[in-house]
Amino acid sequence: MNAEIFAALAQLEKERGIPQSYMVEKITQALVAAYKKDKDGYTDNVFVEVKDNDMHMYVQKEVVDDVITPATEITLDAARRISKTAQLGDLVNVDVQTKDFGRIAAQTAKQVIIQGIREAERGIIYDEFTSKEHEILTGVVSRIEPRTGSVSIRISSNSEYTEAMLAPNERIKTEPLKEGDRIKVYVVEVRNSTKGPQVLISRTHPGLVKRLFELEVPEIFDGTVEIKSIAREAGSRAKMAVWSTDPDVDPIGACVGPKGGRVASIVEELGGEKIDIIKYSEIPEEYIAAALAPSEVISVTMLEDGKSCRVIVPDSQLSLAIGKKIPMRQCLGCREMKPKRELIRAVKSPDGEVNLDFKGKMPGRGAYLCPNGECLKKAMKSKALERAFSVQIP
C-alpha cells in the first residue's frame, strides 16, 4: 500500500505540480486527525513516521505495571511483544493499522487530503499569476453578464489557468464583446482570498497601452526609447509621451513604425482608440504645448504655484485642445459656429414673445446670438430671428 501511495503522489506532482513533500505532510496530518477522532484520550502521543518512501503510524505509550489510561499506557508483557528489551518506564511505539479506522475517521482523513490538494493548487495558481502582475495576458471570453455588463474571462499563464472578472468600469465601453473572443488584458493585482486567488484585470488601464507598445516596438523593449507618461480616455483616445536615450533614434517614428504599422496594430487591439504620440521635454512649456497637439498653441505661461499654467489657443481649436466635444451652436447673425457657452440664447415664450435668456434657464424654443449686439441687428435686418420663431418682430 505504501508503494501505491508514493507512486500516486509522484504522479500528482508531475501532473499538477503539487510537491510530494507537501502532500506527505497533509496525509500525515489527516491520519493523525482521523485516529484522534476515532479514539478517545489520544493527544500528542500519536504520530506518523515517513522514511524511504515508507509510512507508518504509531502511538507512543509508557510501560507500566497496571494500565489506568489505555491511550497512553501499556503493560510490560504487551510492550515486550513489540520490543524484547522493554522495561518499566520506557516509551514504546505501538504500530497502528489504518484499516481499523472507523467510517467517520476515514471520511475525516479523506476531507483533509482533498482540502490539502485544493490549497496546494490555489497556492500554485496564486504564485503563478502574482508573477504576472502589471503584465499582459491573453484570455478568452467565457461568459457575459447581461444585467451588469461584467465579463468572465478565462486567462492562462504557462500551464495554469483561472477565471477572472472584467468589471464594467474596466471595460472599453465602445468595444463589443461576445463569448469566444480572444482579448488581451492587463493584470492590475492578484489577491489571495478564502475562495482562492482573485486576478483583477483591466482593458482601460494606461498600463495596457504601455505593455502593448513594449511588445510591438523593439526600441521600447530594449530601453532605447522610454515611455515617460500615458494619459488615456479608454475607447476614445490616448496620449503618450516618449523619449529617446539615443539622439540618432526618433522616438515618435520608432513608435509609429514603417507606414504606421506598429501603432496601427495597437489601435486595432484597442478597438480603434486614437493614440497621439508626443515627444517628452524637460521644459514644461514645451511639454504642455506638445501635449495639446494637434491643436495650435499660441502661448503657455507657467503660474506662480509652479503646478499650473495658462494656455492660449485659437477659439476654433478649444475643443480640440481640451479633448472634449463642446456643444456648438450657430449664431443667427454672423452664421458662424461657436461654443454654446459663448452665445446668448433667444427664447420664444408660450405667449409668443421673444426674450433674451442671459442665464440660460428660461424654458421654450431657443436660437442663439453673439453677445456683441451687432449680430442681433443682423438677425433682425435679415429677418432670421422671425424665421427661427415664426413670429413678426416690429
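Data block above holds the structure.
Residues numbered from 1 in each chain as written. Predicted model: local features only at pLDDT ≥ 70, side-chain atom pairs only at ≥ 80, totals over all residues. Heavy atoms only, no water.

**Q** For this particular structure, what's the right way to read the sheet that holds strand β8 (residues 182–193)?
**A** Adjacent strands of a sheet pair through backbone hydrogen bonds, lying either parallel or antiparallel. The five strands are arranged β7-β6-β5-β8-β9 in an open sheet whose pairing can be described as antiparallel. The open sheet terminates on both sides in strands that have one partner only, identified here as β7 (160–166) and β9 (196–202). Taken pair by pair, the neighbouring strands of this sheet meet at an average axis angle of 50 degrees, ignoring direction. Most of the contacts of helix α5 (residues 206–216) go to β8, to which it runs at about 125 degrees, and overall it touches β5 (136–144) and β8. (Pairing = 2+ DSSP bridges. Helix = DSSP H or I, 4+ residues; strand = E, 2+ residues; numbered from the N terminus. Axes fitted to C-alpha atoms, helices over the stretch in contact; angles between N-to-C directions. Contact = heavy atoms within 4.5 Å.)

**Q** Would you mind going over the packing of aromatic side chains with me for this structure?
**A** Note on aromatic pairs: each is described by the distance of the centres and the angle between the planes. Tallied over the entire structure, the rule returns three aromatic pairs. Both rings, one in Trp243 and one in Tyr280, keep their centres 6.4 Å apart while their planes meet at 90 degrees; by these two values the pair is edge-to-face. Residue Trp243 is found in strand β11 (residues 237–244), and its partner Tyr280 is found in the loop between β12 (274–279) and α9 (284–291); the two are separated by 37 residues along the sequence. Ring plane angle 70 degrees and centroid distance 4.9 Å describe the contact between Tyr280 and Tyr287, whose orientation is recorded as edge-to-face. On the basis of relative accessibility, which here comes to 24%, the residue Tyr287 falls in the partly exposed class. Aromatic ring contacts, followed pair by pair, group Trp243, Tyr280 and Tyr287 into a single cluster. (Phe/Tyr/Trp six-rings, centres within 6.5 Å; stacked < 30°, edge-to-face > 60°. Buried < 20%, exposed > 50% of the residue type's maximum accessible area, 1.4 Å probe, protein only.)

**Q** I'm lost on the environment of Asp90 in this one. Help?
**A** Within the fold, Asp90 resides in the loop between α3 (76–82) and β4 (91–96). Overall, Asp90 belongs to the partly exposed group, its relative accessible area being 30%. Through-space distance from the C-alpha of Asp90 to that of Glu62 is 5.8 Å; in sequence the pair is 28 residues apart. Polar contacts involving the side chain of Asp90 include one to the main-chain amide nitrogen of Gln87, which spans 2.8 Å. (Polar contact = N/O pair within 3.5 Å; in protein donor to acceptor, adjacent residues only side chain to side chain.)

**Q** Would you take a moment to explain unusual backbone geometry for this structure?
**A** Glycine aside, negative phi is the norm for most residues, and most peptide bonds take the trans geometry. One non-glycine residue, Lys259, lies in the positive phi region at around 55 degrees. Secondary-structure assignment places Lys259 in the loop between α7 (251–256) and α8 (261–269). In this structure Lys259 comes out as exposed when scored by relative accessible area, which is 91%. Here the phi dihedral of Arg335 falls at roughly 65 degrees; this positive angle occurs in a residue that is not glycine. You can call Arg335 partly exposed: its relative accessible area is 44%.

**Q** What exactly am I supposed to notice about the sheet that holds strand β18 (residues 354–357) here?
**A** The strand order across the open sheet formed by three strands is β18-β17-β19, and the pairing between neighbours is antiparallel. Looking along the sheet, the strands with just one partner apiece sit at the ends: β18 and β19 (365–369). Ignoring strand direction, the axes of neighbouring strands in this sheet form an average angle of 30 degrees. Examined bridge by bridge, strand β17 (residues 344–348) and β19 share five bridges and lie antiparallel to one another. If you follow Val347 over to β19, its bridge partner there is Gly366.

**Q** Would you take a moment to explain the side chain of Glu175 for this structure?
**A** Structurally, Glu175 can be placed in the loop between β7 and β8. What Glu175 contacts, discounting residues up to four positions off in sequence, is Arg203 and Glu269.

**Q** Where do I start with the pattern of salt bridges in this structure?
**A** Side-chain pairing between opposite charges can occur once the charged atoms of the two side chains come close. Within this structure, the stated rule accounts for 13 salt bridges. As a salt-bridge pair, Arg154 and Glu163 come within 3.9 Å of each other at their nearest N and O atoms. Of the residues examined, Arg154 reaches a relative accessible area of 38% and is grouped as partly exposed. Ionic contacts of the salt-bridge type, sharing partners, join the residues Glu135, Arg211 and Glu214 into one network. (Salt bridge = Lys/Arg side-chain N within 4 Å of Asp/Glu carboxyl O.)

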